[in-house]
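Fold and geometry: a report
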Amino acid sequence: MSKLDFLQELGIEEVNLGGFSTKWFGSGTNLKSIAPADESVIATVNQCDSGDYEQIMKDTATIFQKWRMEPAPKRGEVVRLLANEFRKHKVALGKLIAWEMGKIQAEGEGEVQEMIDIADYAVGLSRQLYGKTMHSERPNHRMYEQWHPLGTVGIITAFNFPGAVWAWNAMIAAVCGDVMVWKPSSKTPLTAIAIQKIVNQVLDPLGWNGVMSLLVGSSRDVGEMLIHDRRIPLISATGSCNMGRKIGGAVSKRLARSLLELGGNNGIIVMPDADPELVLRAVVFGAVGTAGQRCTSTRRLFLHKDIASDMIERLITSYSQVKIGDPLDSKTLMGPLVDETAVNDFSMALKTVKEEGGEIIHGGKSIDSPGFYVEPTIVRASIDMAIAREETFAPILYLFEFDTLEEAISMHNSVDQGLSSSIFTRDMQSVENFLSHAGSDCGIANVNIGTSGAEIGGAFGGEKDTGGGREAGSDSWKVYMRRQTNTLNWSDDLPLAQGIEFG
Ligand code: UN1
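Counting of residues starts from 1 at the beginning of each chain's written sequence and follows it residue by residue. In keeping with the model being predicted, local features are shown solely for residues with a pLDDT of at least 70 and side-chain atom pairs are shown and tallied solely at 80 or more, while totals for entire chains, interfaces and linings include all residues. As a rule here, side-chain values cover all heavy atoms of the structure and leave hydrogens and water aside.

Description of the packing of aromatic side chains
Here is the rule: rings of Phe, Tyr and Trp (six-membered ring for Trp) pair when centre to centre is within 6.5 Å. Planes less than 30 degrees apart are stacked, more than 60 are edge-to-face, and the remainder are tilted. Applying the stated criterion across every chain yields a total of seven aromatic pairs. Plain terms: the ring middles of Trp-67 and Trp-208 are 4.7 Å apart, the flat faces sit at 70° to each other, and that makes the pair edge-to-face. In this pair, Trp-67 sits in helix H2 (residues 50-67) while Trp-208 sits in the loop between helix H7 (189-206) and strand E8 (212-214), placing the two residues 141 residues apart along the sequence. In terms of burial, Trp-67 and Trp-208 fall into one category: buried. Grouping aromatic residues by their ring pairs yields a cluster made of Phe-86, Trp-166 and Trp-182. A cation over an aromatic ring shows up here: Lys-66 above the ring of Trp-208, its NZ or CZ 5.2 Å from the ring centre. Whether a charge sits over a ring depends on NZ of Lys or CZ of Arg being within 6 Å of the ring centre and within 35 degrees of the ring normal. Directly above the ring of Phe-161 sits Lys-103, whose terminal nitrogen or CZ lies 3.6 Å from the centroid. Elements are defined by DSSP. Helices are runs of H or I of four residues or more, strands are runs of E of two residues or more, and each kind is numbered from the N terminus. Exposure is judged per residue with a 1.4 Å probe applied to protein chains only, and the accessible area is read against the type maximum: over 50% gives exposed, under 20% gives buried, and values in between give partly exposed.

Pasting the structure below:
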């Protein structure tokens, strides 16, 4: 399948200058979609202006009146049809993600699989939006709770998962009876358009146009409008801790809800009894995969002193074999970073590493353009280095050594972020210590698997500066609904709670 074929399959037509233009919707200024592999312009996209925004918000509110009254399993049926379309276009969409964002095609297709998985999950969930019943303290009274749709959900997503994170939110919100507006990253507008086209193909013939809408535009304009808009009771946002602070502040100021999935500084602790081959595979996938641009990417590796030098040797051998190149070439293991700013952040971080006394033991350089390529990098670090406490969205792995598990956990938990973590060991006490109340302080804590690549069935998110939100599986759906407690009196009397006699 050539580039052109897969774009055509996704309904994106060629326009001029060898580029593609998507007018559709937007009355605002143009935005260029750039391929990080060679810096070419893939497409010019029209962004929406405040008039488009108002129109979409109105249409969304109108369709909500109907959508919320559609039985949840019927909403699940619509999501099932979406899952079918995602399946049909898995390869094409995976390629577009690879082309526009720079992750390798296998990971691009994996991302579409994640969209399919969450859609399937949501179909089942549409029959399981359970509320509890309680025993009333008053005779002949019944108490229970039910879950109602919330309204319009604002979804703000990052470039690194330009499809899956939208799907985590959109598929769940849809079965919950919500309608939604999506602001994708300005670095990946074309993927968002391709997905919205698939959505339209399914929703329009069913009369559900407007349940899921797209707003291409910058954080400065569309983002600002969304976070301050009192018609949006929930903003679900993925991005940096700084972005989250801004969004969380604005949303809480108007007393609405936010679901924040922010930065991670994910660590793996390797005990002396760990299987080194498992560790190696997990670390390379976690630190090098997606060129270190997952929020779950492995950024810190804590090695027990007894196995540190062996592990470092294995890592360097493995890193030397990583094939860097075009993300659409099946032999490539690591594609480019997303843009020039990301390359500069990588270089700046390594400059700081040197200033702070860290030692680069592998990689460390950016690779000549065209394309935003860098070398996967390993740094011998010490725990007081400020740069190792920051999330740099690049393939930089910081190494630390430890004597005792207690010391490793303390170093591990000493950063501001709290997303994902793992331990490699066969020892039950080490496992239980790591998973205990005094163990990892992250939202995700794994044993003998890496920090990245979570399945959709669990709740996804983290603590501390990661923002506290939970998306995807488990009972994350509850944040997309409003809970109502109902007490029904079927007696002929009016007894008061707490035994109060009044009058
Ligand atoms: C993200 O980087 O924002 O666990 C999401 C993972 C993927 C999702 C990452 N399933 O690595």
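Focus: the site of the ligand
In this text, near means that some heavy atom of the residue lies within 4 Å of the molecule or strand in question. Every residue lining the ligand is accounted for by Glu-114, Asn-160, Phe-161, Trp-168, Glu-261, Arg-294, Cys-295, Thr-296, Ser-452, Gly-453, Ala-454 and Phe-460. One nitrogen or oxygen atom from the side chain of Asn-160 is found 3.2 Å from an oxygen atom belonging to the ligand. A 3.5 Å cut-off defines polar contacts: any pair of N or O atoms within that distance qualifies, except that in protein one atom must be a possible hydrogen donor and the other a possible acceptor, and neighbouring residues in sequence count only when both atoms are side-chain atoms. In this structure, Thr-296 approaches the ligand through a side-chain N or O atom, which is 2.6 Å from an oxygen atom. The definitions used throughout rest on a 1 Å grid laid over the protein atoms alone, on which a cavity is an enclosed set of points accommodating a 1.4 Å probe that cannot get out and a pocket is an open set flanked by protein within 12 Å on both sides along at least five of seven lines; lining residues are those having an atom within 4 Å of a point. Any molecule with more than half of its atoms within 2 Å of a cavity's or pocket's grid points is regarded as sitting in that cavity or pocket. According to the grid-proximity analysis, the pocket containing the ligand is the second largest pocket. Three classes are used: nonpolar for Ala, Val, Leu, Ile, Met, Phe, Trp, Tyr, Cys and Pro, charged for Asp, Glu, Lys and Arg, and polar for all others, with Gly counted as polar. Its residues assigned to classes, the shell around the ligand comprises five nonpolar, four polar and three charged. Start and end positions for the domains come from either an automated domain assignment or a database one. Structurally, the shell around the ligand is a two-domain feature, drawing no fewer than three residues from each of domain 1 (6-262 + 467-484) and domain 2 (266-447).

Topic: empty space enclosed by the protein
Here the idea is plain: a probe the size of a water molecule rolls over the atoms and shows the empty space left. Grid points are joined across faces, edges and corners, and a volume is the space filled by probe spheres set on the points. Using the criterion set out here, one finds two cavities of 30 Å³ or more in the structure. One number sums up the size of the second largest cavity: a volume of about 30 Å³. Taken together, Asn-265, Asn-266, Arg-300, His-412, Val-415, Gln-417, Gly-418, Leu-419, Ser-420 and Cys-442 form the lining of the second largest cavity. Residue composition of the lining of the second largest cavity, grouped by class: three nonpolar, six polar and one charged.

With respect to the pairing of strand E11 (residues 266-270)
For E11, the tally of buried residues reaches five of five residues, placing the bulk of the element in the interior. Residues of E11 alternate between two faces, with Asn-266, Ile-268 and Val-270 on one and Gly-267 and Ile-269 on the opposite face, all of them buried. Summarising the sheet, E11 and strand E12 (residues 298-304) pair through five bridges and their orientation is parallel. Opposite Val-270, over in E12, you have Leu-303 as the bridge partner. A crossover connection joins E11 to the parallel E12 through helix H10 (residues 276-288); in handedness this β-α-β unit is right-handed. Here a strand pair is declared whenever DSSP counts at least two bridges between the two strands. Crossover handedness is defined by viewing with both strands directed away from the observer: a clockwise path from the first strand over the helix to the second marks the crossover as right-handed.

Let's talk about the pattern of salt bridges
Two side chains that carry opposite charge are able to pair once their charged atoms sit near each other. Whenever a carboxyl oxygen of Asp or Glu lies within 4 Å of a side-chain nitrogen of Lys or Arg, that contact is scored as a salt bridge. Enumeration over the complete set of coordinates arrives at 20 salt bridges. A salt bridge links Asp-339 to Lys-187; the shortest N-O distance between them is 3.5 Å. Of this pair, Asp-339 sits in the loop between helix H11 (305-320) and helix H12 (340-355) while Lys-187 sits in the loop between strand E7 (179-183) and H7, placing them 152 residues apart in sequence. Classification of Asp-339 by relative accessible area gives buried; the value is 18%. A relative accessible area of 36% places Lys-187 in the partly exposed class. The partner of Asp-441 in a salt bridge is Lys-464, with the nearest N and O atoms 2.6 Å apart.

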